[in-house]
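# Examination of the molecular architecture
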Amino acid sequence: MLNLNSQQPKALAAEPVWKILIYDRVGQDIISPIISIKELRELGVTLHVQLHSDRDSIPDVPAVYFCLPTDENLDRIQQDFSNGLYDIYHLNFLAPISRNKIENLAAAALHSGCVANIHRVYDQYVNFVSLEDDFFILKHQQSDQLSYYAINRANTRDEEMEALMDSIVDSLFALFVTLGNVPIIRCPRNSAAEMVARKLEKKLRENLWDARANLFHMDATQAGGGVFSFQRPVLLLLDRTMDLATPLHHTWSYQALVHDVLDLGLNLVYVEDDQSSTTGARKKPKACDLDRNDRFWMTHKGSPFPTVAEAIQEELESYRNSEEEIKRLKSSMGIEGESDIAFSLVNDTTARLTNAVNSLPQLMEKKRLIDMHTKIATAILNYIKARRLDSYFEIEEKIMSKQTLDKPLIDLLRDAEFGQSEDKLRLYIIYYICAQQLPEVEMDRLKEALQAAGCDLTALAYVQRWKSIMNRSPGISQGTQYEGGGTKTVSMFSKLVSQGSSFVMEGVKNLVVKRHNLPVTKITEQVMECRSNAETDDYLYLDPKLLKGGDVFPKNRAPFQDAVVFMVGGGNYIEYQNLVDFIKQKQTSNVQRRIIYGASTLTNAKQFLKELSALGSEIQAPTSTS
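First things first, this report covers the structure right here in the doc. All values reported here derive from a predicted model rather than from experimental measurement. (Residues numbered from 1 in each chain as written. Predicted model: local features only at pLDDT ≥ 70, side-chain atom pairs only at ≥ 80, totals over all residues. Heavy atoms only, no water.)

All told, the structure shown has 20 aromatic pairs when counted by the stated rule. Between Phe81 and Tyr89, the ring centres sit 4.9 Å apart and the planes meet at 80°, which makes this aromatic pair edge-to-face. Taken individually, Phe81 and Tyr89 each receive the classification buried, so the pair is uniform in this respect. The interplanar angle of 70° and the centroid separation of 5.9 Å between the aromatic rings of Tyr125 and Phe173 together place this pair among those described as edge-to-face. (Phe/Tyr/Trp six-rings, centres within 6.5 Å; stacked < 30°, edge-to-face > 60°. Buried < 20%, exposed > 50% of the residue type's maximum accessible area, 1.4 Å probe, protein only.)

Structure, rendered in structure tokens:
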């Protein structure tokens, strides 16, 4: 999606012209999940540096700037002009630069006498971070500005809320400019999502009816002529308040586990080395890149953890076999030593050996990936065992699918061996949200057990208030919207146990999850199918292409093939994976359907609990609205 070549003049695209890339922190966040350093080299980028670092003058090389047009960044660019750092400037702004700012920049260039050196100034409209082909977030650095807490806290001033909503709208607008499609917008009424929807519709409509600046009448050569098919996508804007249980859910799929326990960020995860060195000094955590070039990751990121462990084992076996093959060929030809004569003797074997040796780079890469995934999986496994995450996952699935528990919840919360206090609090909140009616007495007993386990209960004040508001609002009551798949335990990882695997899986349940749709996925299905449903019939329907916008759903609307689902207030990998699985089932030979999932921020359960606690503490000690 972000190919620097197509944003360069056509002459540069034929073969890479060596250039330097200068970005700010936001630009770095946007580039790093998409383009690896190796790919940057292939595109001709020899040096990539932070805008606000000390840089030396490099003449004769084009300098490509990739940053937000903030005052701070523009001051630094003007400083570069006056210092005459580079001979050729290509300025790419992530978001559109205002008329006023560009005039100041031009004046500075004139003053420095480098107007002729500025070749291009672009508004790129790429102010969002694309983590996968079908998953984006709006911010990574300072993402707490768009968090669930920032949107729902008590003493937000109106102008702060407006600025927050505007920044979400600007990024979503940039997303649709990049996709080259004008969406139809659906969202629940009276929510933060509605504020975003109304503002976005206004912005899209103004752009469409502005003949000079219309960004959507692209010719087919640009931006792929629109990413989606001829049909327009639906943008479903949802508010995090509709479902607080999923972000706290213990998970069982590989990618979501990496995010939950190892803090995956921008497709990068840091794993501690097991063995510390002999000196006893702590080793630095090792950075592992989980990107789309990693075939194993792309295949298994949505798989349940036991499946991943088995797959790693199988990859290891096949790698060992390839390695054995090469060794055997070498020894059979007697080229352990110096004898080159062997080559001329056995032509057939030579061909086989050449073939084997040529495949060495792929083998080495395969080995590196296997080692990396073994390291990550081992780290996750240690967490699963230490915190009994498999049991938590199983119990939460039971709670969500209204099955009876094997042991009463209070016993689990009192069991000191059973996970950390944070895990217990997550379990209790999910239980509380899913239960229809809880007697006061039982709630007090459970809270005492939580306190005894060392839990911080401030989050509960907010969750209780949230539940009482939700139960009063029309639509589905909270307890009934989770169906949970339930799980079944299969016989213990037979392959792993029999093969003397590097994973010691004793005591970890091999759970197989039955397919089920989370609340977000259910609503997405109803909106895409355009089915009549009590919950979604009342959603706003906004079409920026209509001159007079009504917000009522038109009769006989054909189902949507493509959807962009956006969660205002933070999303997670659990919902993303659920949507990916859902749309896979919907594919048929003649109908290609797509869902892109996006969120203002990406939070794991630990971060989300923190936000709930912050909201809870505001309720317990009301803040003065200054």
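It is worth spelling out the pattern of salt bridges at this point. Between side chains of opposite charge, a pair can form as their charged atoms come close. The full count for this structure, using the stated rule, is 32 salt bridges. Measuring nitrogen to oxygen at the nearest pair gives 3.3 Å for the salt bridge that ties Arg189 to Asp538. In this pair, Arg189 sits in the loop between strand S8 (184-187) and helix H8 (192-208) while Asp538 sits in the loop between helix H21 (519-529) and strand S14 (540-542), placing the two residues 349 residues apart along the sequence. Take Arg189: its relative accessible area is 28%, and that puts it in the partly exposed class. According to the relative accessible area criterion, Asp538 is partly exposed, its value standing at 47%. Taking the shortest distance from any N to any O, the salt bridge between Glu317 and Arg320 comes out at 3.7 Å. Of this pair, Glu317 and Arg320 both sit in helix H11 (residues 305-333), three residues apart, roughly one helical turn. When its relative accessible area of 31% is taken as the criterion, Glu317 is described as partly exposed. Through salt bridges with shared partners, a single network forms among Asp260, Arg387, Glu422, Asp423 and Arg426. (Salt bridge = Lys/Arg side-chain N within 4 Å of Asp/Glu carboxyl O. Helix = DSSP H or I, 4+ residues; strand = E, 2+ residues; numbered from the N terminus.)

Running from amino to carboxyl end, helix H9 (residues 254-262) crosses helix H22 (residues 573-586) at an angle of 175°, the nearest separation of the two axes being 9 Å. The orientation of H9 with respect to H22, classified from their angle, is roughly antiparallel. Contacts between H9 and H22 involve Gln255, Ala256 and His259 from the former and Tyr573, Ile574, Tyr576 and Gln577 from the latter. For the contact of H9 with H22, the per-class residue count stands at four nonpolar, three polar and no charged. (Axes fitted to C-alpha atoms, helices over the stretch in contact; angles between N-to-C directions. Parallel < 35°, antiparallel > 145°, perpendicular 65-115°, else oblique. Contact = heavy atoms within 4.5 Å. Nonpolar A, V, L, I, M, F, W, Y, C, P; charged D, E, K, R; others polar.)

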